2 protein chains.
Amino acid sequence: MRAVVFLLSASLLTLASLSPSAQSGDVRAAIEAANRKFEGAWNSKNAAAAVALYTANATVLPPNGPSATGSQALLEFWKAGLAGAPGPVTLTTTEVEAHGDTAHEVGAYVISTADGKVADKGKYIVIWKRDGGQWKLHRDMWSSDLPAAGM
Amino acid sequence: MRAVVFLLSASLLTLASLSPSAQSGDVRAAIEAANRKFEGAWNSKNAAAAVALYTANATVLPPNGPSATGSQALLEFWKAGLAGAPGPVTLTTTEVEAHGDTAHEVGAYVISTADGKVADKGKYIVIWKRDGGQWKLHRDMWSSDLPAAGM
């Protein structure tokens with residue numbers, strides 16, 4: 001009986017530790033650390049380093065272009081994207097909610113020109129997956145806050 | 001003792017029924033039903049009916065414009081958006097993952113002209129929340145697959 005009560009208590013403790021509010025803080029820190037790595041990959045125009053931050057079957061859903069899925073497609077996407085980037089990117093997390101091995105993040109980005117002006121700014125939603133103990137981008141979507149050219 | 005074992009078994013059954021794979025099918029059906037209502041609201045240019053499908057503190061993250069949060073801001077956003085819509089929208093769900101009262105959906109949209117041509121097509125990510133027993137849009141982001149005007 002004592003063993004059963006202990007098991008039950010242990011189960012409830014485990015459940016408590018898995019509640020979204022309890023775990024989201026730690027996950028947010030891990031996601032923000034991964035975002036610092038993404039900024040580093042972007043700023044050094046290192047597409048392979050960026051792709052290493054995604055799951056193997058990740059999808060990018062870029063504005064004004066089709067989605068791309070999988071490491072090879074992402075490598076081509078980021079090679080082209082980073083080659084054309086005018087300057088560094090800054091990512092600012094505004095919301096993280098974690099549920100087990102899945103989390104979603106809402107945030108804002110700013111892309112600067114080489115001389116520090118704002119080239120583009122916007123927002124993003126990323127679905128993250130804990131993959132081999134590491135939080136990786138799994139679905140990555142963003143769009144500009146600025147009017148489209150010609151509008 | 002029998003009561004404790006029963007309670008423990010009931011807890012484990014509850015846990016099993018809450019696993020992502022077990023619950024995502026039902027949630028997907030509920031989300032697809034809500035999407036049919038969204039299409040109906042869009043097609044009748046009924047902004048209030050569209051906003052009723054969102055949580056009270058929902059955010060839309062539209063392309064080429066700032067995000068908007070809360071029922072009043074969403075009502076203004078959809079009044080303007082639906083007034084300018086060229087024709088009906090079709091939403092096609094490609095992925096739903098549910099974790100408790102939160103789910104994310106990835107899908108594709110097509111906006112047609114009144115005479116049935118494709119005016120725009122793209123993709124979306126929605127974070128859904130179960131709110132008073134009903135699945136509602138909580139974070140709603142989309143972007144076109146088509147090149148931006150002037151690009």
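Reading the values: rules and limits
- Residues numbered from 1 in each chain as written.
- Chains lettered and ligands numbered in written order.
- Predicted model: local features only at pLDDT ≥ 70, side-chain atom pairs only at ≥ 80, totals over all residues.
- Helix = DSSP H or I, 4+ residues; strand = E, 2+ residues; numbered from the N terminus.
- Contact = placed C-beta atoms within 7 Å.
- pLDDT = per-residue confidence, 0-100.
- Buried ≥ 20, exposed ≤ 12 C-beta atoms within 10 Å, placed from the backbone.
- Pairing = 2+ DSSP bridges.
- Axes fitted to C-alpha atoms, helices over the stretch in contact; angles between N-to-C directions.

**Thoughts on the overall build of chain A**
Then step 1. Check the secondary structure of chain A and you find four helices and six strands.
Then step 2. N-terminal to C-terminal, the α/β element order of chain A is α-α-α-β-β-α-β-β-β-β.
Then step 3. Considering only contacts in chain A between residues 6 or more positions apart, those separated by 24 or more positions represent 50%.

**Some thoughts on the confidence of the model for chain A**
Residue and element names in this part refer to chain A.
Then step 1. On average, residues of chain A carry a pLDDT of 89, and 83% of them reach 70 or more.
Then step 2. Contacts for the low-pLDDT stretch residues 4–18, under 50 throughout, to residues beyond four places or in other chains number 11 contacts.
Then step 3. Model confidence for the complex: the whole-complex pTM is 0.86, and ipTM, which rates the interface, is 0.86.

**Points about the pairing of strand E1 (residues 54–61) of chain A**
Residue and element names in this part refer to chain A.
Then step 1. Burial within E1 is extensive, with six of its eight residues counted as buried.
Then step 2. Of the pairings in the sheet, the one linking E1 to strand E2 (residues 68–69) comprises two bridges and is antiparallel in character. Of the residues in E2, the one forming a bridge with Thr59 is Thr69.
Then step 3. Between the antiparallel neighbours E1 and E2 lie six residues, among them Asn64 with a positive phi of about 60°.

**Quick notes on the environment of Thr92 of chain A**
All names here are of chain A.
Then step 1. By the secondary structure assignment, Thr92 is in strand E3 (residues 89–99).
Then step 2. Separated by 17 residues in sequence, Thr92 and Tyr109 have C-alpha atoms that sit 6.3 Å apart.
Then step 3. Leave out the neighbours within four places in its chain, and Thr92 touches Gly107 and Ala108.

**Some remarks on the sheet that holds E3 of chain A**
Residue and element names in this part refer to chain A.
Then step 1. Taking strand neighbours across the sheet as the criterion, the six strands line up as E2-E1-E6-E5-E4-E3 in an open arrangement whose pairing is mixed. The outermost strands of the open sheet, each flanked by one partner alone, are E2 and E3.
Then step 2. Lying over the sheet, helix H4 (residues 71–83) contacts E1 and E2, oriented at roughly 50° with respect to E1.

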